[in-house]
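# Working through the structure, step by step
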Amino acid sequence: MRNITVLTDGWFFGRAREHTGEAVTLPHTWNAVDGQDGGNDYYRGTCWYRRALSAEETKGERLFLELGGAAHSCEVFLNGETLCRHEGGYAAFRVELTGHLQENNLLEISVDNSDSDHVYPQKADFTFYGGLYRDVKLISVPAEHFELLKDGTPGIKVTPVVDLEKKTATVTVETWHNGKSVDITVNGETKTVERTAEFVIENVRLWDGVDDPYLYTAAAKLPSGDEVSTRFGCRVFACDPEKGFFLNGRSYPLRGVSRHQDRKGKGNALSYEDHAADMAIIRELGANTLRLAHYQHAPEFYDLCDENGIVVWAEIPYITMHMKNGRQNTLDQMRELITQCYNHPCIAVWGLSNEITAASAVNEDLLENHRLLNELCHKMDPTRLTTMANVFMLEIDSPILEIPDINSYNLYFGWYLGELGQTDEFFDEYHAKYPDRVIGFSEYGADANPAFHSARPEKGDYTEEYQALYHEHMLQMIEARPYLWATHVWNLFDFAADGRDEGGKHGENQKGLVTFDRSLRKDAFWLYKAAWNKAEPFVHLCGKRYVNRCEDTTEIKVYSNQPEVRLYVDGTLIGAQTGKTVFRFAVPLLGEHLIRAEAGQSADTMCIRRVSEPDESYIFNKAAASVTNWFDADEVDPSCFSINDTLGEIRQHPQAGAIVNAMMAKGASERGDVADAVKDNPALQRMMGRMTMLSLLKQGGADEESIKQLNRVLQGIKK
Ligand code: GCB
């Protein structure tokens with residue numbers, strides 16, 4: 001018999017070992033508030049958790065403690081004695097208590113999220129919450145039991161190999177234990193073996209993605225009564241450089257989102273209900289894949305993905321900056337991830353790293369680290385592919401791209417830098433140059449604060465409308481390129497990045513399709529739902545929060561998964577359109593109007609109102625907004641250069657080129673390091689060459705006067 005006790009109550013918490021005074025329940029993080037309020041000043045240090053263990057709790061022949069997640073380094077003490085140290089904040093680990101127990105037992109756990117030169121992550125765009133933020137359990141087992149210590153193993157490993165033609169699966173079940181024999185049961189058949197048994201399932205029911213994620217169970221029992229079991233799924237994943245992803249022999253384009261686990265007010269200390277609520281939103285969206293970024297997620301979340309047929313990209317937090325002392329930690333985190341998650345049918349690929357060349361050179365040490373990770377994945381799991389999420393400025397001929405089985409890029413053209421269409425060009429160039437390589441789109445997104453609105457949305461304005469336009473472009477870009485093996489919106493939810501302060505919020509990355517507290521679906525959410533969710537007919541009016549409009553005629557945009565949309569203004573039908581996903585109507589604005597959209601049986605309504613002055617509360621960046629207004633009104637002579645030309649075009653002309661080069665050199669000398677990185681990066685230079693001068697200037701924060709001045713100078717030069 002195995003007894004599991006979840007240690008939720010009875011904990012005391014504090015910064016000093018002796019003064020652990022505050023009563024807390026687990027899961028717990030100490031950064032739920034200061035990790036989400038901006039300033040990059042959340043507490044990063046050591047904290048202590050203390051709890052007495054009762055005689056009842058410590059019963060049993062062998063007793064183990066399981067920590068589901070201790071962020072980021074941790075030491076366990078029992079009655080003052082150090083039992084173990086663990087580094088890495090996202091994998092589970094266990095320690096044996098047997099032999100160290102006394103009559104009264106005091107458990108003390110120190111957890112540390114301070115800077116480290118070898119534990120990942122250290123540099124990344126999210127809050128590194130500290131705490132015991134997942135379940136802590138006592139596991140008591142008989143003397144004869146399944147292995148519990150090695151890398152947090154479940155003690156049972158299931159490898160199904162499917163023959164699609166014969167409709168069979170050969171299922172190998174391996175077990176680790178200290179007994180002599182084990183009974184292993186799969187699909188009603190039991191075999192008594194030393195450790196490993198093989199089963200053949202005839203007429204196998206496949207784990208078939210969102211359509212039919214069927215799960216089998218493998219159970220193993222020792223004569224002592226100790227028992228483990230795991231669910232598994234029978235499926236075949238494959239990737240083709242031209243046709244993209246295949247599930248069970250049929251084309252199955254992976255289209256979905258990334259998820260960070262944290263929530264407003266809770267940080268990473270989540271309940272099962274929180275995880276289940278996230279999954280319900282993912283199903284509502286109609287996504288069939290998730291990138292579980294940037295670290296190992298909770299076991300119950302991989303379970304939810306198994307149950308819901310969501311194909312998963314799982315990864316370790318080897319991110320942004322390679323640390324020369326961090327190699328072992330990357331290998332440890334990867335070994336734990338694979339050991340603990342191997343049985344989940346949802347997982348298709350192991351991600352080696354994320355944007356690792358963003359703040360590190362591609363040198364031999366970094367390449368070697370990736371080769372070792374790649375080999376580790378293949379050795380531990382020959383059934384799955386490896387991948388990486390590369391930063392946009394990584395040259396496509398970089399040797400690092402040759403290491404993983406398949407690749408992906410994170411591209412933010414149309415948000416941080418560059419224009420929307422550069423994404424299309426990037427993939428076209430890549431695919432033409434490397435037609436035999438599998439490529440995907442691992443991140444893309446734009447921040448939006450649902451308080452901000454504009455009739456003329458543009459990059460950097462943080463409006464809900466720009467985010468929606470951005471994603472309309474990307475959706476089309478993706479639909480036109482079926483070779484992309486997977487695409488993942490960054491991000492499904494807004495999340496905490498305490499170092500951020502932008503778009504009207506402190507400490508939040510607002511690229512989510514849904515707000516941090518999960519309460520509000522931004523318009524872009526409904527765009528993807530219209531494209532992906534075929535099961536639930538709906539119609540959605542965009543711009544519901546954009547009530548006060550200072551326009552003669554306003555655009556009413558509707559997202560729907562239905563083929564026809566009818567629009568009513570104050571009860572009168574003003575138009576019907578057939579089409580796909582996005583429907584646009586021009587509506588004259590006179591006063592206050594009730595807008596109603598209908599599609600099939602579905603309807604949506606909203607109120608909008610004509611106002612004489614723009615509603616200031618809708619504008620985040622007032623200076624940038626005014627630049628757009630004056631510039632559009634100006635007359636520009638197209639036979640001469642202007643700030644509407646791209647940097648590349650201007651640079652080809654000796655006189656105009658010299659002027660902008662001098663201006664940019666001056667700007668660079670004022671900005672120091674960042675500018676140096678730009679200067680020395682050919683990919684970035686090429687990309688900037690494609691941007692208009694106006695967009696570069698606005699991005700660089702140039703003021704209205706210097707923009708006007710440059711335009712006047714350029715207008716004096718004939719093309
Ligand atoms: C990235 C990173 C991700 C960031 C994202 C952003 O490329 O991989 O961790 O949050 O960009 O929003 O800037």
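Residues numbered from 1 in each chain as written. Predicted model: local features only at pLDDT ≥ 70, side-chain atom pairs only at ≥ 80, totals over all residues. Heavy atoms only, no water.

### Some points on empty space enclosed by the protein
Scanning the entire structure with this criterion turns up three cavities of 30 Å³ or more. By volume, the largest cavity amounts to about 80 Å³. Lining of the largest cavity is provided by 13 residues; of these, Phe-126, Thr-127, Tyr-129, Gln-261 and Tyr-295 occupy positions nearest its centre. Looking at the lining of the largest cavity, you find at least three residues from each of domain 1 (3–150) and domain 3 (238–541). (1 Å grid on protein atoms, 1.4 Å probe; cavity = no way out; pocket = protein on both sides within 12 Å on 5 of 7 lines; lining within 4 Å. Points joined across faces, edges and corners; volume = space filled by probe spheres on them. Domains from an automatic or database assignment.)

### Topic: the site of the ligand
For the ligand, the set of nearby residues contains 13 residues, the closest of which are Asp-125, Glu-355, Tyr-416, Glu-443 and Lys-511. Tyr-416 places a polar side-chain atom, nitrogen or oxygen, 2.4 Å from an oxygen atom of the ligand. Within the side chain of Asn-509, one N or O atom sits 2.8 Å away from an oxygen atom of the ligand. For the ligand, whose unbound accessible area comes to 320 Å², protein coverage reaches 93%. Here the residues of the shell around the ligand sort into four nonpolar, four polar and five charged. (Near = heavy atom within 4 Å. Polar contact = N/O pair within 3.5 Å; in protein donor to acceptor, adjacent residues only side chain to side chain. Areas by Shrake-Rupley, 256 points an atom, 1.4 Å probe, with all protein chains shown as cover. Nonpolar A, V, L, I, M, F, W, Y, C, P; charged D, E, K, R; others polar.)

### A short note on the environment of Phe-237
Turning to its location among the elements, Phe-237 is positioned in strand 22 (residues 237–240). In this structure, the C-alpha to C-alpha distance between Phe-237 and Asp-604, residues 367 residues apart in sequence, is 39 Å. Contact partners of Phe-237, with chain neighbours within four places excluded, come to Trp-207, Phe-245, Phe-246, Leu-247, Val-311, Pro-345, Cys-346, Ile-347 and Ala-348. (Helix = DSSP H or I, 4+ residues; strand = E, 2+ residues; numbered from the N terminus. Contact = heavy atoms within 4.5 Å.)

### What about the sheet that holds strand 24 (residues 250–251)?
Taking strand neighbours across the sheet as the criterion, the three strands line up as 22-23-24 in an open arrangement whose pairing is antiparallel. Edge positions in the sheet fall to strand 22 and strand 24, since each has one partner strand and no second. Summarising the sheet, strand 23 (residues 244–247) and strand 24 pair through two bridges and their orientation is antiparallel. Residue pairing for strand 24: Phe-246 is matched across the bridge by Ser-251. (Pairing = 2+ DSSP bridges.)

### Comments concerning the layout of surface pockets
Its boundaries defined by the atoms lining it, the second largest pocket holds a volume of some 1,100 Å³. Considering the residues around the second largest pocket, the lining is formed by 47 residues, among which Glu-66, Arg-94, Lys-137, Pro-299 and Asp-303 are closest to the centre. Of all the secondary structure elements, the ones that give two or more residues to the lining of the second largest pocket are strand 9 (93–96), strand 12 (136–141), strand 21 (227–232), helix 1 (272–285), helix 2 (299–308) and helix 3 (327–341). Looking at the lining of the second largest pocket residue by residue, the classes come out as 20 nonpolar, 15 polar and twelve charged.

### Focus: the packing of helix 3 against helix 4 (residues 364–380)
Working note: a packed helix pair is described by the angle between its axes plus the distance between those axes. Where helix 3 meets helix 4, the closest approach of the two axes is 10 Å, and the angle between their N-to-C directions is 20°. It follows from the interaxial angle that helix 3 and helix 4 lie roughly parallel. Helix 3 and helix 4 meet at a crossing whose hand is right-handed. Residues Arg-327, Thr-330, Leu-331, Met-334, Arg-335, Ile-338 and Thr-339 of helix 3 form the contact with helix 4, whose own contacting residues are Asp-365, Glu-368, Asn-369, Leu-372, Leu-373, Leu-376, Cys-377 and Met-380. (Axes fitted to C-alpha atoms, helices over the stretch in contact; angles between N-to-C directions. Parallel < 35°, antiparallel > 145°, perpendicular 65-115°, else oblique. Left-handed = near helix turned anticlockwise from the far one by under 90°.)

### Quick word on the pairing of strand 27 (residues 311–315)
Across the five residues that make up strand 27, a large majority, five, are buried. Every second residue of strand 27 is oriented toward a common face, with Val-311, Trp-313 and Glu-315 on one face and Val-312 and Ala-314 on the other, all of them buried. Two strands pair when backbone bridges link them, and strand 26 (residues 289–292) and strand 27 are joined in this way by four bridges, in the parallel orientation. Each bridged residue has a counterpart across the sheet, and for Arg-291 the counterpart in strand 27 is Trp-313. Bridge count between strand 27 and strand 28 (residues 347–354): four bridges; the pairing is parallel. Residue pairing across strands places Ala-314 opposite Trp-350, the latter belonging to strand 28. Following the backbone out of strand 27, through helix 3 and into the adjacent parallel strand 28, one traces a crossover that is right-handed. (Buried < 20%, exposed > 50% of the residue type's maximum accessible area, 1.4 Å probe, protein only. Right-handed = clockwise from strand over helix to strand, strands pointing away.)

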